[in-house]
Each structure stands twice: as structure tokens, then as C-alpha cells.
Amino acid sequence: MGSVATRTKRERRVEQRAAVPFHAITPFTMLDFPDRVACIVWVAGCNMRCGYCHNPGIVLGQGSMGEEEIFEFLTRREGLLDGVVLSGGEATSWRGLFDFATKVKAMGFALKLDTNGLRPDVVARLLEGQLLDRIALDYKAPPTKFRRVTGVKAWSRFSSTLDLLCGQNAVPFEVRTTIHSDLLDEEDVLAMASDLAGRGYRGTYAIQQAVSGEVRSTLGDLPDNKLSINQLRLSAESQITLRFR
């Protein structure tokens, strides 16, 4: 599960970006880590190629900041921030993540991981090390559309991560999906909600519409999102609680 032998060439290239792994820091947020005043550390590189992604510079670009710069920032913010969000790109693709997370926790910060779920081995190790305080998992698409949406054939690895998280109760986690009319529809949302319910997920399922076209450029250069979600219908038919953003 997620061994070196089964990783894609893309994932191995991402892991090689270890010297300067970070794209940037968002110094302050009260929205991304519930009940925490936090910063966001953006890890460069990603093992997916989602067409609606609005961070192509992070996904395709090289890092511009090293660990020393991050820790200098965190040292200056001790007592002002109480949380750190690990985002990207895809943070679990970085080989140095476990050691970095260990050091951040030792400084007294709570840690939240934003992940696409393609590295169940990394998520499992972070959980076993008691390094995470919260997780946000991106459920990109049902299995029939997973490769089309993400650019990778890796549903089984995402599914393993989802089972792992649903099977533990030590760390709260949220599941979320981004919808674009060229990629997913309401039936897909209901199928994913049904899958989550079947796995025992009892949290809130966050649904957000992609912004693209002339308003915002995306990795796949998608046109404007033309999908108007029927929130009443989805809420009525979903087997779990939906939250629309």
C-alpha cells in the first residue's frame, strides 16, 4: 500500500523536490483550521492533475522556501498562532513530511493536514505518530470518473485512505468535493455521499463549486462552471449531512 514500487514516476519526481519543498506561507487564517488561529504551509508539487485546480504554480512549480525559513517564521509566531495547516500541492508527496511534522508538533503547534488521499501509508504513519489534530480529505470523484478528474489511475489508494480515516476516531476529519460542470454532476455527489455513508462516515460532507474560466485560470484551462447545484434536492436525498460552500 503506497510502497516505493507502486508509486508513479510523477510521485517520485515530486518526492525529489526535497531541498526547497515549500511554495509559500499564508501567515494567518481563522478559516482553514476550525477553532485555531493558524498559518498555512504550502508544499510544492502534486501527484494529481485536477483540471479545476486553481494552484497550477504550486502543482507544477519548484519550491522557493526551505525548512529553515519555515521554522524561523514559526519561531517568531509562537504565542500568536496555535495551528499549522499542511497543504499544497500535496503535502504527503514530500518525503520529509513526517520529520517536519514532528518538529512542528514539538514546538507546540496543532497540525491539520489537507490531502487528496493518494498516500495512505503516509497518512497512517502520521496518525500512528499522533502528529495530526485534524484532516481534510478531498474526495475528487467516484471510481468511474476518478481518472478523468484527477489525471491518475489511483482510486484504490484513495479508497484505502478513506477506509483508514473512517476506521479511526482519534482525529476528526472532514470530506470535501469540488464540482465543475465539465467533470461531475449531482448524481456523482449523491453516489459519493452514499459511499461515505456505507463506510460509516458520520461527519459533514462539504460541497464546493469550482471557479474557472475568465474569472480564474485553472490547471486544465476549464471553461466557466455552468453547474447550478440543486441544494434542496441534494440535501433531501443524501444519506449524510451536506454543507455547501
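Scroll up for the structure.
For clarity, every value in this text was computed on a predicted model and none was experimentally measured.

Analysis parameters
Residues numbered from 1 in each chain as written. Predicted model: local features only at pLDDT ≥ 70, side-chain atom pairs only at ≥ 80, totals over all residues. Heavy atoms only, no water. Buried < 20%, exposed > 50% of the residue type's maximum accessible area, 1.4 Å probe, protein only. Helix = DSSP H or I, 4+ residues; strand = E, 2+ residues; numbered from the N terminus. Pairing = 2+ DSSP bridges. Right-handed = clockwise from strand over helix to strand, strands pointing away. Core = buried A, V, L, I, M, F, W, Y, C linked by side-chain atoms within 4.5 Å. Contact = heavy atoms within 4.5 Å. Salt bridge = Lys/Arg side-chain N within 4 Å of Asp/Glu carboxyl O.

A. Here's a closer look at the pairing of strand S6 (residues 173–179). Counting buried positions over the seven residues of S6 gives seven, a clear majority of the element. With burial as the criterion, each face of S6 is covered, one bearing Phe173, Val175, Thr177 and Ile179 and the other bearing Glu174, Arg176 and Thr178. The sheet contact formed by strand S5 (residues 134–138) and S6 spans four bridges and is parallel. Counterpart to Leu137 in the pairing with S6 is Val175. A crossover connection joins S6 to the parallel strand S7 (residues 205–209) through helix H8 (residues 186–198); in handedness this β-α-β unit is right-handed.

B. Representation of the nonpolar core within the structure. Counting residues in each nonpolar core, the largest one holds 70 residues, and the members touching the most others are Leu74, Val84, Leu86, Leu126 and Tyr205. Per element, the largest residue contribution to this core is six residues, and it comes from H8. Ignoring anything within four residues of it in the chain, the contact list for Leu74 reads Cys39, Val84, Val104, Met107 and Phe109. The next biggest cluster of nonpolar side chains, apart from the first, holds seven residues, and it includes Phe33, Trp42, Ile58 and Ala110.

C. How the structure looks around the pairing of strand S2 (residues 38–43). Counting buried positions along S2 gives six out of six residues, so the element sits mostly inside the fold. Of the two faces of S2, both are covered, the one formed by Ala38, Ile40 and Trp42 as well as the one formed by Cys39, Val41 and Val43. Pairing between strand S1 (residues 22–29) and S2: five bridges, direction antiparallel. The residue of S2 that forms the bridge with Thr26 is Ile40. Across six bridges, the pairing between S2 and strand S3 (residues 83–88) is parallel. Bridged to Val41 within S3 is Leu86.

D. Quick peek at the pattern of salt bridges. Across all of its chains, the model carries 13 salt bridges by this definition. The salt bridge involving Asp138 is made with Arg176; its shortest N-O contact spans 2.6 Å. Of this pair, Asp138 sits in strand S5 while Arg176 is found in strand S6, placing the two residues 38 residues apart along the sequence. A residue is classified by how much of its surface remains accessible, and Asp138, at 14% relative accessible area, is buried. Here Glu174 makes a salt bridge to Arg245, at a shortest N to O gap of 2.9 Å.

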